[in-house]
Every structure is written in C-alpha cells, then in structure tokens.
Amino acid sequence: MSAPVKRSLTLRGHRTSVSLEDEFWQAFREIAAQQGKPINALAAEIDAARDLDSGLASEIRLFVLRHYRGS
C-alpha cells in the first residue's frame with residue numbers, strides 16, 4: 001500500500017484536505033463514478049453522516065471497505 005496523499009475536496013462550499021492512500025483515492029473515485037456523483041458530493045454526504053469524533057479520512061476508508069464488502 002502507498003503512503004497517504006493529501007488532496008483537496010470542496011464540501012458544501014468550503015475547501016478541506018484529506019489524506020488517503022492512492023488505492024483508497026482510486027476506489028473512492030470508482031464508487032463515485034458508479035453512483036454518478038462527483039467525488040466532492042460523495043465526500044460531502046459522508047462528512048454530513050459521520051460522527052464528529054471520527055475523521056473524514058477514516059470515514060471515507062470505511063465507506064470504501066463497506067462498499068466492496070457489500071455491507
């Protein structure tokens with residue numbers, strides 16, 4: 001697995017940075033494309049649903065894992 005790479009996302013009009021490994025970025029882009037959503041929109045949905053004690057990067061990783069596990 002690669003080292004985390006920081007990329008900028010725009011969530012509901014404000015910019016934020018998220019660090020994910022390239023494999024997670026690729027999988028996240030693929031899921032967004034399958035759902036017909038921009039990656040920023042999907043990230044905003046995940047951000048809105050997350051517990052404030054959990055980081056966005058962790059929630060995106062869990063989202064990708066759940067997607068591929070079918071849960």
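Keep in mind that this is a model prediction, so the values were computed, not measured.

Conventions used here
Here the residue numbers are simple positions, counted from 1 along each chain's written sequence. A pLDDT threshold of at least 70 governs which residues receive local features in this predicted model, and a stricter bar of 80 or more applies before side-chain atom pairs are shown or counted, although totals over entire chains, interfaces and linings include all residues. Side-chain numbers come from the whole structure's heavy atoms, not from hydrogens or water. What makes a nonpolar core is a set of buried Ala, Val, Leu, Ile, Met, Phe, Trp, Tyr and Cys residues whose side-chain atoms join them at distances within 4.5 Å. Remark: exposure states derive from per-residue accessible area (1.4 Å probe, protein chains only) relative to the maximum for the residue type, with buried under 20%, exposed over 50%, and partly exposed in between. What counts as a helix is a DSSP run of H or I of at least four residues, what counts as a strand is a run of E of at least two, and both are numbered from the N terminus. By definition in these notes, contact holds between two residues if any of their heavy atoms fall within 4.5 Å. Think of it this way: a Phe, Tyr or Trp ring, Trp meaning its six-membered ring, pairs with another when their centres are within 6.5 Å, and the plane angle makes it stacked under 30 degrees, edge-to-face over 60, tilted otherwise. What pLDDT reports is the predictor's confidence in each residue, on a scale of 0 through 100.

With that settled, consider the nonpolar core. One finds V18, L20, F28, I60 and V64 to be the most contacted residues of the largest nonpolar core, which totals 18 residues. Residue contributions to this core peak at six residues, all from helix α1 (residues 22-34). Once residues within four sequence positions are removed from consideration, V64 is found in contact with F24, A27, F28 and I31.

When you line up the elements, N40 lands in helix α2 (residues 39-49). Setting aside residues up to four positions removed in sequence, N40 forms contacts with L9, T10 and L11.

We describe a pair of aromatic rings using the distance from one ring centre to the other and the angle between the two ring planes. Summed over the entire model, instances satisfying the criterion amount to one aromatic pair. Each ring, one from F28 and one from F63, has its centre 6.2 Å from the other, and the planes form 85°; the classification is edge-to-face. With F28 in helix α1 and F63 in helix α3 (residues 56-69), the pair connects residues that are 35 residues apart, well separated along the chain. Residue class for F28 comes out buried when judged on its relative accessible area of 0%.

Our focus in this paragraph is the confidence of the model for the chain. Predicted coordinates in areas of low pLDDT are best not read in detail. Considering every residue of the chain, the mean pLDDT works out to 94; 100% of them sit at 70 or more. Predicted confidence in the chain is weakest over strand β1 (residues 4-11), with a mean pLDDT of 94, and strongest over α1, with 97.

Within the secondary structure, E21 sits in strand β2 (residues 14-21). Taking the relative accessible area as the measure of exposure, E21 reaches 11% and is therefore buried. Those residues within four positions of E21 in sequence are excluded, and the remaining contacts are M1, S2, A3, P4, V5 and R61.

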